[in-house]
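Structural overview
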Amino acid sequence: MDQQDEFERLVSEAVRQDFSGWDFSYIDERWRTSPTSWDYRQRILGRVSQAASLLDMGTGGGEFLASLVPLPVDTCATECYPPNVPIARERLEPLGVQVIEPKNEEDLPFEDARFDLVINRHESFSASQVYRVLKPGGLFITQQVGGRDNIRLNALLGAGVALDYSDWGLESAVQELEAAGFQVVEQCEEFPETVLSDIGAVVYYLRAIPWQITDFGVDAYRSELRALHNLIQETGELHISSHRFHIEARRGPEEISGWMQSPAPKSP
């Protein structure tokens, strides 16, 4: 099979794939990102067992939250992407989790001081809203995708970078949280390497993450995609940098009380 036929096959297969929940298994071995020094899952597990109430913001299809069982009796999840909501409900409601579809990603339609623990993996947030729904002494744990995530991919495809996200990073997030009244107790920012092995993985990713290149479409970017395919074929793989940061912040500090006073358990 020549390069042009291989390009068309990989792109066509990627376009035919459905994306639901937050499931990237289709490109697991073809889009590989190095792990960060922190382990988000272990940080969460160390706190879930201590909490009486939990909120998972942006649960996707509920895959990650379901993996944390047993969950607190009072556990809720939000999800704004309509196709994911029935998937999350089917997975989580049998576990006793209430799944809410808010008006937007940052809206938290819960009463004040409802939760001991709020977790957030790659979902936007309003620091003041998170602060409001946390109990005094409650903890917010988030892993975020920074504004410099995979921007070499944008450059290689001749696309601009979304300005709405370009300044989003650890410093700006910490400033927002502290301005809302949080005490930041842990923070870390890294740029792990991502390795791409074929153009099909690129197309699948860009269709699933439309904010990376907001006007992306296979037809609109066909010549750029073909050039990138040729580059990957010549080099064997493409190396780009991701952007991740992790924050743990406590409501307080003047209000610290109860279960969150103890130091956070360390990842193994």
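Residues numbered from 1 in each chain as written. Predicted model: local features only at pLDDT ≥ 70, side-chain atom pairs only at ≥ 80, totals over all residues. Heavy atoms only, no water.

1. Things to note about the nonpolar core
Rules: The definition of a nonpolar core used throughout is a set of buried Ala, Val, Leu, Ile, Met, Phe, Trp, Tyr and Cys residues joined through side-chain atoms within 4.5 Å. Any residue under 20% of the maximum accessible area for its type is buried, any over 50% is exposed, and the rest in between are partly exposed; the area is computed with a 1.4 Å probe on protein chains only. We count a stretch as a helix when DSSP gives it H or I for four or more residues in a row; a strand needs E for two or more, and each element gets its number in order from the N terminus. Between two residues, a contact is recorded if the distance between any of their heavy atoms is within 4.5 Å.
In terms of nonpolar packing, the biggest core is built from 29 residues, with L153 and L225 touching the most fellow members. At the level of secondary structure, the elements contributing two or more residues to this core comprise α1 (3-16), α8 (199-208), α9 (222-235) and β9 (238-241). At eight residues, the largest contribution of residues to this core is made by α8. Excluding anything up to four places from it in sequence, L153 contacts W31, L196, V202, Y205, L206, L228, L238 and I240. Grouped together as the second largest cluster of nonpolar side chains are 25 residues, F125, A127, F140 and A173 included.

2. Digging into the pattern of salt bridges
Spelled out, the test is: Between Lys or Arg on one side and Asp or Glu on the other, a salt bridge is scored when a side-chain nitrogen of the former is within 4 Å of a carboxyl oxygen of the latter.
The full count for this structure, using the stated rule, is 15 salt bridges. Of the charged contacts, one joins E8 and R222 as a salt bridge, the two residues approaching to 3.2 Å between their closest N and O atoms. Taken together, the residues span a long stretch of sequence, with E8 in helix α1 and R222 in helix α9 at a distance of 214 residues. A relative accessible area of 25% means that R222 is categorised as partly exposed.

3. Section: the environment of I213
Along the chain, I213 turns up in the loop between α8 and α9. Each C-alpha atom of the pair I213 and V161 lies 7.1 Å from the other, and the pair is 52 residues apart in sequence. Excluding its chain neighbours within four sequence positions, the residues that come into contact with I213 are N154, L157, A159, L206 and Y221.

4. What about the packing of α8 against α9?
Note the threshold: Each axis is a line fitted through C-alpha atoms, taken for helices only over the stretch in contact, and angles between the N-to-C directions span 0 to 180 degrees. Should an angle fall under 35 degrees it is called roughly parallel, over 145 degrees roughly antiparallel, and 65 to 115 degrees roughly perpendicular, with every other angle called oblique. Ten residue types, Ala, Val, Leu, Ile, Met, Phe, Trp, Tyr, Cys and Pro, are classed as nonpolar, four, Asp, Glu, Lys and Arg, as charged, and the remainder, Gly among them, as polar.
Put simply, α8 and α9 touch, their axes get as near as 9 Å, and they point 135° apart. Considered as vectors, α8 and α9 are oriented oblique to each other. Touching I199, V202 and V203 of α8 are L225, L228, H229 and I232, all from α9. In terms of residue class, the contact of α8 with α9 is made up of six nonpolar, one polar and no charged.

5. Some remarks on α9
Going by this rule: By definition here, a helix of n residues has an expected span of 1.5 Å times n minus one. Note that the arc is computed from the directions linking the helix axis to the C-beta atoms.
Between its first and last C-alpha atoms α9 spans 20 Å; for 14 residues at 1.5 Å apiece the expected length is 20 Å, and the two agree. Turning to α9, its buried residues number three or more, namely L225, L228, H229 and I232. Seen from one end, α9 has its buried residues packed into an arc of 105°, which puts them on one side. Facing away from the buried side of α9, by more than 90 degrees, are the exposed residues S223 and E234.

6. Points about the sheet that holds strand β3 (residues 74-78)
Selection rule: What makes two strands pair is DSSP finding at least two bridges between them.
If you trace the seven strands from one edge of the open sheet to the other, you get β4-β3-β2-β5-β6-β10-β7, paired in mixed fashion. With one partner strand each, in any of the chains shown, β4 (98-100) and β7 (182-190) form the two edges of the open sheet. Sheet twist, expressed as the mean angle between neighbouring strand axes with direction ignored, is 15°. Relative to strand β10 (residues 244-251), β7 runs antiparallel, the two sharing eight bridges. For F182, the partnering residue across the bridge sits in β10 and is R251. The sheet strands contacting helix α2 (residues 40-48) are β2 (53-57), β5 (115-121), β6 (134-145), β7 and β10, and the helix crosses β6 at an angle near 165°.

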